[in-house]
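Examining the three-dimensional arrangement
Chain residues, written in single-letter form:
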Amino acid sequence: MNFHKITIMAGATLAAATLSASEPSGYYSSCEGKTGKALLQQLQTVIDDHTVIGYKNLYDVYDDSDRHPDGTIWDMYSTKNWGKSFGSVKCGNYSVIGDCINKEHSFPKSWFDDRSPMMSDAFHIYPTDGKVNGQRSNFPYGECANGTYLPSRGDIKPLGKLGSSTFAGYSGTVFEPDNEYKGDFARSYFYMAARYNSNIAGWNSPMLAGNNYPCFSTWAVNLLLKWHRQDPVSDKETVRNDAVSRHQHNRNPFIDHPELVEYIWGDKVGQPWSLSIGSEPKFITPVDNTTLDLGLTAVNVAATSTLTVTGVNLTSDATVTVSGTGFSATPLSLSAADINGQGAALSVKYLNASAVKANGKIVITSGDATVTLNLLAESVNGLPVLPATYVSSDAFTANWVNIDAAGTQYTLDVRRDNASIEGYPRKVDASAGNYRVEGLEPETTYTYTVSNTSLTSDAVTVRTAAPIPSVTFLYDDELVFSALPGEPSEAAEVLVEIDNIPGDVTISVTAPFQVSLNKQEWGQSVVIVPGADRFYMRLYSVNEGHFTTSLVATAADGFFYDDVEVEGTVTPAGASFVEDFEKQIPEGESHGYGALTYQGNASTWSTNNVYFEYAGSNSYPHTGNQAVRFNKSGDRYLTMLKDKQGGMGTIRFWARLWRADNADCVLAVSVSNDHGATWQKVGDVTVKGNGGAENVYAEYSVSVNRADATRLKIEQTSGARCMLDDLSVSDHKSSVQLTPEGHAYHTWDAYCLNRQLVIENSDSDNIFSVYSMDGREVFVGKIMSGSLSLSLPAGLYVVNVCDFSRRVLVK
């Protein structure tokens, strides 16, 4: 006989009442004696002014902070096993769950207008499944009993659903994360209220109150308190807190001291908080006055649950009392030493001879410490069947409780309009407890029952969801632009896939980025009408600087999507990265030739057998007062310790042999796109002598063309002592390596301008065909390099070349 069993694990919640392993001594001492608003504001002074790591560098943090114990990436939005490397799974383009990972602002960035430093604060930004992240959009967190899940893909399931709020006080659309992570997200929100307490009153969201205390609207406070209490701090959070702290140099106080929540928003407001509170005897789990639901079982079949009771500083064994018909627990005495240590196991059982919904209570007492746990259970006649879960537009998961021996098969029947659908009834493994029903119609009502040889369950009614509106942007490589002041960058074509949105979609960006439908008329927004499928984007600024924007898609009924980040750099002709090696070695420190970490003006460098002499007789700079001198033997290298954002285009530097040395020097230039773990050589530079005369500088260049964050290494592999100075690196200029077929796509373009269909062409071998939507060929032929304008009636047309096509709406 298989019993219904639920296991509740305490995790590492002992950290809730003790000093965090990495919490600096006295870190929160200034908060003692405060409560409510004053306590929240004091916490801001403690965790304020953190090191801003930058949005592009978040993956460096995630390498430390968001990994399972086996080293694989920890995703809170899907069950996908992403492996161990972020490099191969970062979005990019995606269309289904499990395609790629991106960065989820659990506290949506639109709420604070994409401003820094919130934009890159890792305490509220997590690596998550890109498709689920897109579904969440900027909707508030909440609870939605009838929410819609994205379609699963094989064994990959979403960990969150979207729907109308069923939590008291709010009726709008919300995203409900998985139960396992609700406490994590609640404590991220409490962190935001503390870290940005002086800013939060000006932010806009249904969850925010427009003030700096209590910061959150009443329903949001109640929701976050509920999640915080029901999902205590776990090992995952404490490890992540320590890891993020190593990068940002601040901490999440609500992970270090979860009880702070109660003193600011909960049932201890008005009482002064103290670090010594942790020394009092108390239970940690189960959380006081929470509910354990043993679920559904059959009459005369037991439902059991095993939970772990943990606490700190208990001095006497705990007694367990149980009330409520059909409920029992064993043992009724728990060792204080076990509770204070790894926890004491408590088994709870429900068994009833009648079909009834039951309520009960467990009270655990040790001295003055007590905790109450409410109990729920239900016994039914027939097979216990549960509501459907993971309901999407084309599938749902049918659930039941197995009351039979292992190996038993149940019969699952799925019906529509009182008739079994194709493929049902069918045999299913009873011990699995669930079965995924797929291939269904959207917005359609179904019922299912489960039966064995003698019993049949009640029928469960489930309605599939409406198709989920979505906008997907497709583009080559990354959307990273570079331009000169006063000159536009090269335009990038962005394809748009719009699903289940019947009307127009507006695409917008912030200046100095621009978008266009025809590469002639540029602005900060374009409207994609039904049938259209692309737009163009560029960077145009008279001012130098580094710029970022989001591609924001909006539509009727509140649709909002802003998950694609774009960046660009406007620099004068030349390089955006210049290392002149003019920064002096601190007085008293070695100038080389041994191993040395050198803090330059553009980067931090690791050097070996490299010498720096400032304004000395042997410095021989190209310009200024200092240059780099490689030694004549041994391992000689100069290596960046930090990534250069914006990629690398061309590396340029000036070099010469030292004094009158004449043995040609060879410098190997290598780059790394995985933070220095591996290196790829991109070229060798040979610096020649001057025939025994005094050597002179010459400029050398190496083409790199790497789009991602990149590091540089220059290593002397042979020859005499070599001088190097004034090293510069240009940003990568978007240029996609294309297959021959892909190249054909980029030799032509088509768009609407002045109510005409315009075709641009740079390959005279291309043969163009233009079709109307009723299948008529309205043009066919070759076009010489240049452009051709076709006067056609208003409507949607397909332009085809070499098996590639573009849709153009003439209007």
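1. Points about the packing of aromatic side chains
When we look at a pair of aromatic rings, we describe it by the centre distance and by the angle of the planes. One pass over the full model with this rule turns up 40 aromatic pairs. Geometrically, the ring pair formed by Tyr141 and Tyr189 is tilted, given 5.7 Å between the ring centres and 45 degrees between the ring planes. Residue Tyr141 is located in the loop between helix H3 (130–136) and strand E4 (160–164), and its partner Tyr189 is located in helix H4 (residues 182–195); the two are separated by 48 residues in the primary sequence. For the pair Tyr141 and Tyr189, a shared accessibility class is recorded, and that class is buried. Aromatic pair Phe581 and Trp605: ring centres 6.0 Å apart, planes at 50 degrees, arrangement tilted. With Phe581 in the loop between strand E32 (577–579) and strand E33 (596–599) and Trp605 in strand E34 (residues 604–608), this pair connects stretches of sequence that are 24 residues apart.

2. Some words on the pairing of strand E25 (residues 492–499)
Bridge count for strand E23 (residues 470–474) against E25 is five bridges, and the pairing is antiparallel. If you follow Phe473 over to E25, its bridge partner there is Val496.

3. A look at the pattern of salt bridges
Applying the stated criterion across every chain, the model contains 32 salt bridges. With a closest N to O distance of 3.3 Å, Glu567 and Lys56 form a salt bridge. One end of the pair, Glu567, is in strand E31 (residues 560–570); the other, Lys56, is in the loop between helix H1 (36–47) and helix H2 (58–65), with 511 residues separating them in the sequence. Residue Glu567 is classed as buried on the basis of its relative accessible area of 7%. Note on Lys56: relative accessible area 31%, which makes it partly exposed. A salt bridge links Arg806 to Glu493; the shortest N-O distance between them is 2.9 Å. Taken together, the residues Arg806 in strand E50 (residues 804–810) and Glu493 in strand E25 connect sequence positions 313 residues apart.

4. What about the packing of H4 against helix H6 (residues 235–248)?
The interhelical angle for the contact between H4 and H6, taken along N-to-C directions, is 35 degrees, at an axis separation of 11 Å. The interaxial crossing formed by H4 with H6 has right-handed handedness. Listed contacts from H6 to Gly183, Asp184, Arg187 and Tyr191 of H4 are Lys236, Glu237 and Gln248. Class assignment for the residues of the contact of H4 with H6 results in one nonpolar, two polar and four charged.

5. Things to note about the sheet that holds strand E47 (residues 777–782)
Pairing within the open sheet is antiparallel, and its four strands lie in the order E47-E46-E49-E50. The open sheet has two free edges, formed respectively by E47 and E50, since each of these has just one partner strand. Geometrically, the sheet is characterised by an average inter-axis angle of 20 degrees between neighbouring strands, direction not taken into account. Sheet topology places strand E46 (residues 767–772) next to E47; five bridges connect them, and they run antiparallel. Note that in E47 the partner of Val770 across the bridge is Phe779.

6. Focus: the sheet that holds strand E15 (residues 385–389)
Across the sheet, three strands lie side by side as E15-E16-E20; this open sheet has antiparallel pairing. Of all strands in the sheet, those bounded by a partner on one side alone are E15 and strand E20 (434–437). Strand-to-strand, the axes of this sheet are offset by a mean angle of 20 degrees, without reference to chain direction. As paired elements, strand E16 (residues 396–400) and E20 share four bridges and run antiparallel to each other.

7. Side note on the environment of Arg463
Secondary-structure assignment places Arg463 in strand E22 (residues 460–463). Along the sequence, Arg463 and Asn518 sit 55 residues apart, while their C-alpha atoms lie 43 Å from each other. Setting aside residues up to four positions removed in sequence, Arg463 forms contacts with Val391, Glu443, Thr444 and Thr445. A polar contact is formed between the side chain of Arg463 and the backbone oxygen of Glu443, at a distance of 2.8 Å. Of the polar contacts made by the side chain of Arg463, one reaches the side chain of Thr445; its length is 3.0 Å.

8. Regarding the packing of H1 against H4
Taken N-terminus to C-terminus, the directions of H1 and H4 make an angle of 85 degrees; their axes are 7 Å apart at the nearest point. One way to sum up the angle between H1 and H4 is to call them roughly perpendicular. Along its contact with H1, which presents Leu40, Leu43, Gln44 and Ile47, the element H4 presents Tyr191, Ala193, Ala194 and Arg195. Tallied by class, the residues present in the contact of H1 with H4 amount to six nonpolar, one polar and one charged.

9. Here's the deal with the nonpolar core
Formed by 75 residues in total, the largest nonpolar core has its most connected members in Phe107, Trp203, Phe216, Phe254 and Trp265. When residues of this core are traced back to their parent elements, those giving at least two are H1, H2, strand E3 (125–129), H4, helix H5 (218–230) and helix H8 (260–264). Of the residues forming this core, the biggest block, eight residues, is contributed by H4. Those residues within four positions of Trp203 in sequence are excluded, and the remaining contacts are Phe107, Trp111, Phe112, Met118, Met192, Tyr196 and Leu208.

10. Points about the environment of Phe513
Summarising the element assignment, Phe513 is placed in strand E27 (residues 513–516). Sequence separation of Phe513 and Ser541 is 28 residues, and the distance between their C-alpha atoms is 8.1 Å. Once residues lying within four places of it in the same chain are set aside, the contact partners of Phe513 are Phe481, Gly523, Gln524, Met537, Arg538, Leu539, Phe547, Thr548, Thr549, Val566, Glu567 and Gly568.

11. Examining the side chain of Glu176
When you line up the elements, Glu176 lands in strand E5 (residues 173–177). Among the polar contacts listed, one links the side chain of Glu176 to the backbone nitrogen of Cys144, at a separation of 2.8 Å. Of note is the side chain of Glu176, whose polar atom sits 2.7 Å from the side chain of Lys182. Ignoring any residue separated from it by four or fewer positions in sequence, one finds Glu176 in contact with Gly142, Glu143, Cys144, Ala145, Gly160, Lys161 and Lys182.

12. Some remarks on the state of the cysteines
Scanning the entire structure with this criterion turns up one disulfide. Sulfur-sulfur distance for the disulfide between Cys91 and Cys100 comes to 1.9 Å. On the sign convention where negative is left-handed, the bridge of Cys91 and Cys100, at about 95 degrees about the S-S bond, is right-handed. What makes Cys100 buried here is its relative accessible area of 4%. Of all cysteine sulfurs in the structure, the one in Cys665 sits closest to Cys722, which takes part in no disulfide; the separation is 3.2 Å.

13. Some thoughts on the pairing of strand E28 (residues 525–528)
Because side chains alternate across E28, one face comprises the buried residues Val526 and Ile528, and the other comprises Ser525 and Val527, none of which is buried. When strand E26 (residues 505–508) meets E28, the two strands line up antiparallel, connected through four bridges. Looking across to E28, one finds that Val505 is bridged to Ile528.

14. Quick look at the environment of Leu296
Note on placement: Leu296 falls in strand E7 (residues 290–298). Looking at Leu296, the relative accessible area reads 10%, which means it is buried. Along the sequence, Leu296 and Asp749 sit 453 residues apart, while their C-alpha atoms lie 61 Å from each other.

15. Overview of H5
Residues separated by three or four positions in an α-helix point in the same direction, a consequence of the helix having 3.6 residues per turn. Under the 1.5 Å per step criterion, the end-to-end length of H5 is 18 Å for 13 residues, consistent within 8% with the ideal 18 Å. Of the residues making up H5, those classed as buried are Trp219, Ala220, Val221, Leu223, Leu224, Leu225, Trp227 and His228. Here the buried face of H5 lies against E5, H4 and H8.

What counts, and at which threshold
Per-chain numbering applies: the sequence of each chain, read as written, is numbered from 1 onward. Only residues with pLDDT of 70 or above have their local features reported here, since the model is predicted, and side-chain atom pairs are shown and tallied only from 80 upward, although totals for entire chains, interfaces and linings are computed over all residues. Working from all heavy atoms in the structure, the side-chain values ignore hydrogens and water. Ring pairs are drawn from Phe, Tyr and Trp, using the six-membered ring of Trp, whenever the two centres fall within 6.5 Å, and their geometry is named by plane angle: stacked under 30 degrees, edge-to-face over 60, tilted for the rest. Numbering of helices and strands starts at the N terminus; helices are DSSP runs of H or I of at least 4 residues and strands are runs of E of at least 2. Think of it in three bands: with a 1.4 Å probe and only protein chains considered, a residue is buried below 20% of the maximum accessible area for its type, exposed above 50%, and partly exposed in between. Note: two strands are recorded as paired if DSSP finds a minimum of 2 bridges between them. The term salt bridge refers to a pairing of a side-chain nitrogen on Lys or Arg with a carboxyl oxygen on Asp or Glu at a separation within 4 Å. To get an axis, fit a line to the C-alpha atoms, keeping to the stretch in contact for a helix; angles then go from 0 to 180 degrees between the N-to-C directions. Should the near helix be turned anticlockwise from the far one by less than a right angle, the crossing is termed left-handed; should it be turned clockwise, right-handed. It only takes one pair of heavy atoms within 4.5 Å for two residues to be counted as in contact. Lys, Arg, Asp and Glu make up the charged group, whereas Ala, Val, Leu, Ile, Met, Phe, Trp, Tyr, Cys and Pro make up the nonpolar group; the residues left over, Gly among them, are polar. Here a polar contact is taken to be a pair of N or O atoms separated by no more than 3.5 Å, where protein atoms must pair a possible hydrogen donor with a possible acceptor and residues adjacent in sequence count only if both atoms sit in side chains. Roughly parallel means an angle under 35 degrees; roughly antiparallel, over 145; roughly perpendicular, 65 to 115; everything else is oblique. We call a set of buried Ala, Val, Leu, Ile, Met, Phe, Trp, Tyr and Cys residues a nonpolar core when their side-chain atoms join them within 4.5 Å. For the purposes of this analysis, a disulfide is any pair of cysteine sulfur atoms at a distance within 2.5 Å. A helix is expected to reach a length of 1.5 Å times the quantity of its residues less one.

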